[in-house]
Structure formats: structure tokens, C-alpha cells
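Now for the letters of each chain:
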Amino acid sequence: MQRRVVIVGAGLAGLTCAQELAALGHAPLVLDKGRRPGGRSCSRKDEDGRTFDHGAQFFTARDPWTATRVAEWHEAGVVAPWQPRGAHADHPEWWVGTPCMGALAEHLARELDVRCSTHVTAVTKNEAGWHVETRDSSFEADTLVMAIPAPQAAALLGELAPTGDTDACWAAMVRLSEGGAVDVLERKEGPFSWAAREASKPGRSTRPGEDLWTVHASAEWSQAHLEQPAERVAHELSAALADALSQSVLGAQAHRWRYAKPRVDTPVGCHVDADAKLIVCGDWLQSPRVEGALTSGRAAAQRWAELR
Ligand SMILES: Cc1cc2nc3c(=O)[nH]c(=O)nc-3n(C[C@H](O)[C@H](O)[C@H](O)COP(=O)(O)OP(=O)(O)OC[C@H]3O[C@@H](n4cnc5c(N)ncnc54)[C@H](O)[C@@H]3O)c2cc1C
């Protein structure tokens, strides 16, 4: 009889775990509170349809398994290499989703049973496995995979959750007047630590007379401004960017990533509690980036196969 696995979280870790389980012939159910899959590796449209990659900017493929997957996705047209002007020279190859970062998650989700807009409000261990409660329904699972950030996992799992710390990040999506000779800015001081010109990424559409940029505030600035109104944050970050580029601001919005960047001390791949039939995965158990999420999701599927 088919065992039912419920995966909470359709970020890249949860989707990778689901894909790997599906490849083994299983049919995991993936639940996510967001309107689309992708979690922190996603894209957002403004009210006029301009697209910004406001979470992850690019990703790397350092390990051989990731490199193989990236080659497949490149072949499928959902990722492409990115060589922005102004980036430091000694980095591994940078990849981006096309036509936006969210495209990769959409691609991974397309043949899976992924239910978005499904907020998991409680998970309870019982003799048969797990009872998973959402805002308007519930599911039973033999095994539960939690593929959500550490603080959110702790809120649902209590003492069954491993511990982890995360830093917040304010992101601003900025429209500037056209111009500029660089595509990325990396800063060690000041309000923002990173800024990227959207149009420099492959497959993006452009509009005459404007340049779209995504700006990420530093961890310190984000923490100090965590509870500030988004309008004020958008104003401050866009002004700092415009100043750095000598361009003018045409408009800006801000998004707060409360659980943006985990602090990973010891990479473990994933956390397994065999007695509880519980697996926890996500970037925070491997490395604080897309590649960490992908490899953690894969590790979760491998460990699940061992649990059976
Ligand atoms: C601003 C920013 C910039 C970044 N830049 C880069 C970069 O340039 N390069 C790079 O490699 N990485 C970058 N990262 C990190 C990268 O985005 C993450 O490492 C990766 O996307 C994490 O994937 P994940 O699946 O582990 O978690 P997530 O993407 O966080 O996925 C977790 C999912 O769980 C869902 N969820 C949470 N709670 C519940 C619940 N109760 N019920 C249902 N669903 C729930 C969420 O909606 C989410 O979709 C960046 C992250 C941020 C925030």
C-alpha cells in the first residue's frame, strides 16, 4: 500500500524532496501557504506587471548532483547563466530562473500534487502517523516532512523541532531612471548589501525610460528597521541606491523577509526523527542558499527511503 507523505513547504527544499520521492514512485502531497510555490526563491509583479526577483537573486551549482539538475533545467529553458557587470570576478558560475526566479519552482511543481494557499496551522503526532491541520481542511500522513524555515518549524513542532537562527532582510523593488554602467552593487557598509538590475538577467522584459532594480538591505539595517512601515523602508533603500548610481527614483516598494537568511553552523543535510516519522529539511540545515535548499530536500528524500 502506498505510504502517504505530507510535505509542508513548497520552497525549493520541499519541492526537491517531493520530486525525488515521486521519482521513486511515491505520491507526496505538498502544502504551502503562499499563492505560488517557490518560497524565498520567487518573483513578484507590481501593480503594472513589472517583475522583480525580490528573494534569491541567483544560485550556484557547486556540487555534482546540483550541476546535473541545473544542466537539465538549462536544457528545459527554465534557468540560464547570468554574467552581470560589476560582480566580483572570483565567483562560481551564477544561474538564474528564466523568465524570472520563480520559474524554477513552477517547473519543479508542475507534475507534483502541490496545494498552494494552504496554511498549515497545526501538526499532531498520533499512533497512525501525523494529523495535519490547515485553515480549512486536514490531512493524515504516515510521514511528515517539514520544509519550512526554523522559526516556523519550531512554532508547529515544538520540542520535536531542531533549533536554528535566522536573519531578516528588507528587499526593495525600485524603478530608476534609465542609465548606469553596472548590473550589480555589492556593499559591506551602508543600508544595502546587494542590488541587481533586473534587465541584466536573461529573458527579462524591459520598458523604455526605466531601470528595475532589486535592493537587499544588510542584516544589521534590516534588523534595526524590522518594524518600520514598508513605505519608509522603500523610500530609504531606493534613495540609497539612486545615490550610489546617480539615477533618480521613479517608484519603489518594499518586502520584509522575516526569516530570510539562516545562520548555519554545522550542515547536516536534514533532521530525521525515525520514532516520530518526521523529517525536517530546508536551507537552514545545509547552507543558507538555493543550493543548500536543493541538497537538503534531496537528503530528506534519501533519508525517507531509509526510514521505510
Ligand atoms: C532576500 C533574500 C535573498 C537571497 N538571495 C539568495 C541568492 O542570491 N542566492 C542563493 O542561493 N540564495 C539566496 N537566498 C536564499 C534562498 O532563497 C533560500 O536558501 C532558499 O530559497 C530556501 O528554500 P527552502 O525551501 O529551504 O525554504 P523557503 O523558500 O523558505 O520555503 C519554505 C516554504 O514553506 C512555506 N510555509 C512556511 N510555513 C508554512 C505553513 N505553516 N504552512 C504552509 N506553508 C508554509 C512558505 O510559504 C515557503 O514557500 C536569498 C533569500 C532571501 C530571503
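Since the structure is predicted, the reported quantities are computational estimates derived from the model, not experimental observations. (Residues numbered from 1 in each chain as written. Predicted model: local features only at pLDDT ≥ 70, side-chain atom pairs only at ≥ 80, totals over all residues. Heavy atoms only, no water.)

**Q** Please explain the overall build of the protein chain as it appears in this structure.
**A** Across its full length, the protein chain carries seven helices and 18 strands. The C-alpha atoms of the protein chain give a radius of gyration of 20 Å, which matches the 19 Å a tight globule of 308 residues would have. Sorting the 308 residues of the protein chain into buried and exposed places 51% on the buried side. Of the contacts made within the protein chain by residues no fewer than 6 positions apart, 69% connect residues no fewer than 24 positions apart. Total accessible area on the protein chain stands at roughly 14,200 Å², and carbon and sulfur atoms take up 47% of it. (Helix = DSSP H or I, 4+ residues; strand = E, 2+ residues; numbered from the N terminus. Rg over C-alpha atoms; globule rule 2.2 N^0.38 Å. Buried < 20%, exposed > 50% of the residue type's maximum accessible area, 1.4 Å probe, protein only. Contact = heavy atoms within 4.5 Å. Areas by Shrake-Rupley, 256 points an atom, 1.4 Å probe, with all protein chains shown as cover.)

**Q** Please explain the domain arrangement of the protein chain as it appears in this structure.
**A** A common way to report how large an interface is uses the accessible area buried once the components associate. Here the protein chain is described as being made up of domain 1 (5-50 + 103-165 + 264-307) and domain 2 (166-263). Centre-to-centre, using C-alpha coordinates, domain 1 lies 29 Å away from domain 2. Opposite the 19 residues of domain 1 that make contact, domain 2 presents 15 residues. Summed over both partners, the interface of domain 1 with domain 2 buries about 1,400 Å², with 54% contributed by carbon and sulfur atoms. If you sort the residues of domain 1 by the area they bury against domain 2, Arg44, Arg50 and Asp165 come out on top, with a joint share of 45%. At the junction of domain 1 and domain 2, the tally comes to one salt bridge. (Domains from an automatic or database assignment. Buried area = accessible area lost by both parts, 1.4 Å probe. Salt bridge = Lys/Arg side-chain N within 4 Å of Asp/Glu carboxyl O.)

**Q** I would appreciate a short explanation of the side chain of Asp273 in the present structure.
**A** Structurally, the position occupied by Asp273 is in strand S17 (residues 271-273). A distance of 3.3 Å separates a polar side-chain atom of Asp273 from the backbone nitrogen of Asp275. (Polar contact = N/O pair within 3.5 Å; in protein donor to acceptor, adjacent residues only side chain to side chain.)

**Q** Please explain the sheet that holds strand S16 (residues 249-263) as it appears in this structure.
**A** Whether parallel or antiparallel, the strands of a sheet pair through hydrogen bonds between backbone atoms. Reading across the sheet, the five strands line up as S13-S14-S15-S12-S16 and stay open at both edges, with antiparallel pairing between neighbours. Strands with a single pairing partner mark the edges of an open sheet, and in this sheet they are strand S13 (184-186) and S16. On average, each strand axis in the sheet is inclined to that of its neighbour by 15°, with strand direction left out of account. Bridging between strand S12 (residues 165-177) and S16 involves 11 bridges; their strand directions are antiparallel. What sits directly across from Trp170, in S16, is Arg256. (Pairing = 2+ DSSP bridges. Axes fitted to C-alpha atoms, helices over the stretch in contact; angles between N-to-C directions.)

**Q** When you look at the site of the ligand in this model, what are you seeing that I'm missing?
**A** Around the ligand lies a shell of 36 residues, among which Asp32, Arg40, Phe58, Asp283 and Val290 are the nearest. Residue Leu12 places a main-chain N or O atom 3.1 Å away from an oxygen atom belonging to the ligand. Calculation on the ligand without its partners gives an accessible area of 1,000 Å², and the protein chains cover 93% of this total. Within the residue set of the shell around the ligand, elements represented by two or more residues are helix H1 (12-23), helix H4 (150-157), S16 and helix H7 (290-307). Of all the elements, S16 adds the most residues to the shell around the ligand, at three residues. Across the shell around the ligand, the residue classes tally to 17 nonpolar, 13 polar and six charged. (Near = heavy atom within 4 Å. Nonpolar A, V, L, I, M, F, W, Y, C, P; charged D, E, K, R; others polar.)

**Q** Help me understand H1 in this model?
**A** For an α-helix, the turn length of 3.6 residues means that residues three or four places apart are oriented alike. With 12 residues, H1 ought to run about 16 Å at 1.5 Å a step, and its terminal C-alpha atoms sit 16 Å apart, in line with that. Judged by how many residues are buried, H1 sits mostly within the fold: nine of 12 residues are covered. Of the positions making up H1, those classed as buried are Leu12, Ala13, Gly14, Leu15, Thr16, Cys17, Ala18, Gln19 and Leu21. (Expected span 1.5 Å × (residues − 1).)

**Q** Explain the nonpolar core to me, please; I cannot follow it from the model alone.
**A** Most often, soluble globular proteins keep nonpolar side chains buried together rather than apart. One finds Ile7, Leu12, Phe59, Trp73 and Val79 to be the most contacted residues of the largest nonpolar core, which totals 42 residues. For this core, the element with the most residues is H7, which contributes seven residues. Three or more residues apiece are contributed to this core by two domains, here domain 1 (5-50 + 103-165 + 264-307) and domain 2 (166-263). If we ignore the near neighbours within four places in the chain, the residues touching Phe59 are Val70, Trp73, Val79, Glu93, Trp94, Trp95, Val96, Gly97, Met101, Leu104 and Val290. Counting 23 residues, the second largest nonpolar core, distinct from the first, contains Val123, Val132, Ala153 and Leu156. (Core = buried A, V, L, I, M, F, W, Y, C linked by side-chain atoms within 4.5 Å.)

**Q** I tried to follow the sheet that holds strand S8 (residues 120-125) on my own but got confused; where do I start?
**A** Read from one edge to the other, the open sheet built from three strands follows the order S8-S9-S10, with strand pairing classed as antiparallel. Only two strands of the sheet have a single partner each, and these edge strands are S8 and strand S10 (138-141). Strand-to-strand twist of the sheet, defined as the mean angle between neighbouring strand axes without regard to direction, takes the value 20°. Where S8 lies against strand S9 (residues 130-134), five bridges are found, and the strand directions are antiparallel.

**Q** Help me out: how do you make sense of the pairing of strand S1 (residues 5-8) in this one?
**A** Looking along a regular strand, one sees side chains alternate from face to face of the sheet. Neither face of S1 is left uncovered, since the one carrying Val5 and Ile7 and the one carrying Val6 and Val8 both have all their residues buried. Here S1 pairs with strand S11 (residues 143-146) via four bridges, running parallel. Within S11, the position partnered with Val6 by the bridge is Leu144. Relative to strand S2 (residues 29-31), S1 is paired through three bridges, and the arrangement is parallel.

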